[in-house]
Amino acid sequence: MLKVPNICDRVWQCLVKYALEPAHEATFKARSYGFRPGRSAHDCQKIVFSNLQSNHNGSTKRILELDIEKCFDRIDQFFLMSRIIAPQSIKTGIWKCLKSGTNPSYPDQGTPQGGVVSPLLANIALDGIEEIHPSLRYADDMVFFLKPNDNAQLILDKITNFLAIRGLNVKASKTRLVSATDGFDFLGWRFVVQKNGKFRSYPSMDNYKRFRGKVKEIVNNSNYGARLKAKKLAPIVRGWRNYHRYCKMDGSRFSLWYLNNRTFKVFLKEPKMNRYEAETLVKEAFPAVPYSENKHINVKGDKSPFDGDIVYWSERESKYYDGITAKALKKQNYTCGHCGLKFVGDERIHLHHINGKHSDWNAKNLLAIHQSCHQYHHMSKSES
């Protein structure tokens, strides 16, 4: 019978993940980016650019795309346990997790379905596949960069043997060998090297269609008014534009001109809605996000947030902010204005108004502080 982990099991898995992650981050290879702290899909995007840009003869290269068939369901549990760095007491608990959330048809394979620790366990099992050939990996999705003289079949055989030891195999339907000039899709982007040798990346057609479907579903929903539609659209549009901020985003399609125009016409049809109000709401629904093609700065080599380099990670995490927040961070040398500690981890950075007037956005009145410090400041103030 399949046993589904309850909330206590998930909490335990989360604690185990916090215990295992620092030890394994010290051993993980540099070219894996999925489900790892301090790394993102944008790092993968920049690696593709570095390998296919014109001064690396990108137009002559080929790309071997592959996906692992049912990766989380088929990992050999005995092999996985042999790779885990942990005391025996923790290993015993992990073994029980593996046995409680897997497919009854394959009792010795797989990781807990939807488990908090499952992505980390998958990374532990797959670590090292990046050394077979120049490549990059995001969870179980991989691309290998082949020069004209590289033997694709030999590389694929090495990958197959590597996976077989772990109880896995390559998914044939998603394995392709393509020329860089023909282009390929990876992580929601389309990568292609033009005939003149210039590298380009832009949102893939599937990614754009899914995004457009979400926008149309909200715009065409008659149960929502224009103001509620704008409120619901803003985070979706901002998130999509932020994800693709290092792509080529000019042109009517990716600048969202057509969606913008269609939304304006729908808003304008509402009763008591004039052109000025409709234009204002459309601007709120489609917030602008600056983009700079291929300008993302990659994480250095095998750096990890657990390596003790607080200055590096504090400055790197702070660069995800722009505008007045970025100016405040630079002015404060990337330290919290309340507690004086560096900004490390996933905690958000808030802007605190020193004089208490939230309408005063003068730079001298703004202080970048931790979210928890901000909450503590106002909590203590209200109590006093």
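Above this note sits the structure.
What this report covers is the structure whose coordinates are included nearby. Numbering of residues begins from 1 in every chain and follows the order in which that chain's sequence is written. Reporting in this predicted model follows two pLDDT cut-offs: at least 70 for local features of residues, and 80 or more for side-chain atom pairs to be given and counted; totals over whole chains, interfaces and linings ignore these cut-offs and use all residues. No hydrogens and no water enter the side-chain calculation; it runs on all heavy atoms of the structure.

Remarks on the state of the cysteines
Logical step 1: In this description, a disulfide is simply a cysteine sulfur pair whose atoms lie within 2.5 Å. Applying the stated criterion to the full structure yields zero disulfides.
Logical step 2: The cysteine Cys97 is free of any disulfide, with Cys8 supplying the nearest cysteine sulfur at 12 Å.
Logical step 3: The closest cysteine sulfur to the non-disulfide-bonded Cys339 is located on Cys336, 3.7 Å from its own sulfur.

Examining the pattern of salt bridges
Logical step 1: Salt bridges are defined by distance alone: a side-chain nitrogen of Lys or Arg within 4 Å of a carboxyl oxygen of Asp or Glu. Counted according to the given criterion, the structure contains 12 salt bridges.
Logical step 2: Linking Glu65 and Arg176 is a salt bridge whose minimum nitrogen-to-oxygen distance equals 2.8 Å. Taken together, the residues Glu65 in strand β1 (residues 62-67) and Arg176 in strand β4 (residues 176-179) connect sequence positions 111 residues apart.
Logical step 3: Salt-bridge contacts for Asp185 lead to Arg190; the nearest nitrogen and oxygen are separated by 3.1 Å. Helix numbers and strand numbers start at the N terminus; a helix is a DSSP run of H or I with at least 4 residues, a strand a run of E with at least 2.

So, the packing of aromatic side chains
Logical step 1: Only Phe, Tyr and Trp rings take part, Trp by its six-membered ring, and two of them pair if their centres are within 6.5 Å. Stacked means planes under 30 degrees apart, edge-to-face means over 60, and tilted covers everything else. In the structure shown here, the tally under the stated rule is 13 aromatic pairs.
Logical step 2: Ring plane angle 55° and centroid distance 6.2 Å describe the contact between Tyr208 and Trp240, whose orientation is recorded as tilted. A residue pair is termed long-range when its members are at least 10 positions apart, and Tyr208 in helix α8 (residues 205-219) and Trp240 in helix α9 (residues 226-243) qualify at 32 residues. Assigned by exposure class, Tyr208 and Trp240 land together as buried.
Logical step 3: Taking 5.2 Å as the distance between ring centres and 90° as the angle between the ring planes, the aromatic pair formed by Trp257 and Tyr258 counts as edge-to-face.
Logical step 4: Ring pairing ties together the aromatic residues Phe49, Phe184, Trp189, Phe191, Phe199 and Tyr243, which thus form one cluster.
Logical step 5: Sitting over a ring, as applied to charges here, requires NZ of Lys or CZ of Arg to be within 6 Å of the ring centre and within 35 degrees of the ring normal. The ring centre of Phe162 lies 3.6 Å from the NZ or CZ of Arg166, which sits over that ring.
Logical step 6: In this structure, Lys303 packs its charged tip against the face of Tyr312, placed 5.0 Å from the ring centre. Burial classification: accessible surface area is computed with a 1.4 Å probe over protein chains only, and a residue below 20% of its type maximum counts as buried, one above 50% as exposed, and the rest as partly exposed.

Some details on the side chain of Gln53
Logical step 1: Turning to its location among the elements, Gln53 is positioned in the loop between α2 (41-52) and β1.
Logical step 2: We classify Gln53 as buried; its relative accessible area is 18%.
Logical step 3: For this analysis, residues touch if any pair of their heavy atoms sits within 4.5 Å. Gln53 has contacts with Gly58 and Phe199, leaving out every residue within four places of it along the chain.

Considering a positive patch on the surface
Logical step 1: There is a patch of like positive charges on the surface, built from Lys216, Arg262, Lys265 and Lys269.
Logical step 2: Of note, Lys269 is situated in the loop between α10 (257-268) and α11 (275-285).
Logical step 3: Relative accessible area serves as the criterion here: at 70%, Lys269 is assigned to the exposed category. To count toward a patch, a residue needs a relative accessible area over 30% and no salt bridge; like charges are then connected within 9 Å, while nonpolar side chains (Val, Leu, Ile, Met, Phe, Trp, Tyr) are connected within 5 Å. Each accessible area is a Shrake-Rupley result for a 1.4 Å probe, and residues are judged covered by the shown protein chains and nothing else. The sign given to each residue is positive for Lys and Arg and negative for Asp and Glu; His and the chain ends receive no count. Note on charges: their place is set at NZ of Lys, CZ of Arg, CG of Asp or CD of Glu.

Overview of the pairing of strand β7 (residues 199-203)
If a strand is regular, its side chains alternate between the two faces of the sheet.
Logical step 1: Among the five residues in β7, four count as buried, and that is most of the element.
Logical step 2: Paired strands, in this sense, are two strands between which DSSP finds at least two bridges. Sheet analysis places strand β6 (residues 189-193) next to β7, joined by five bridges and oriented antiparallel. By the bridge assignment, Trp189 is partnered in β7 with Pro203.

A look at unusual backbone geometry
Logical step 1: A positive phi angle, close to 45°, is found at Lys70, a residue other than glycine.
Logical step 2: For Lys70, the position within the fold is in the loop between β1 and α3 (71-74).
Logical step 3: Assessed through its relative accessible area of 48%, Lys70 is described here as partly exposed.
Logical step 4: Even without being a glycine, Tyr334 presents a positive backbone phi close to 60°.
Logical step 5: Within the secondary structure, Tyr334 sits in the loop between α13 (323-331) and β8 (349-353).

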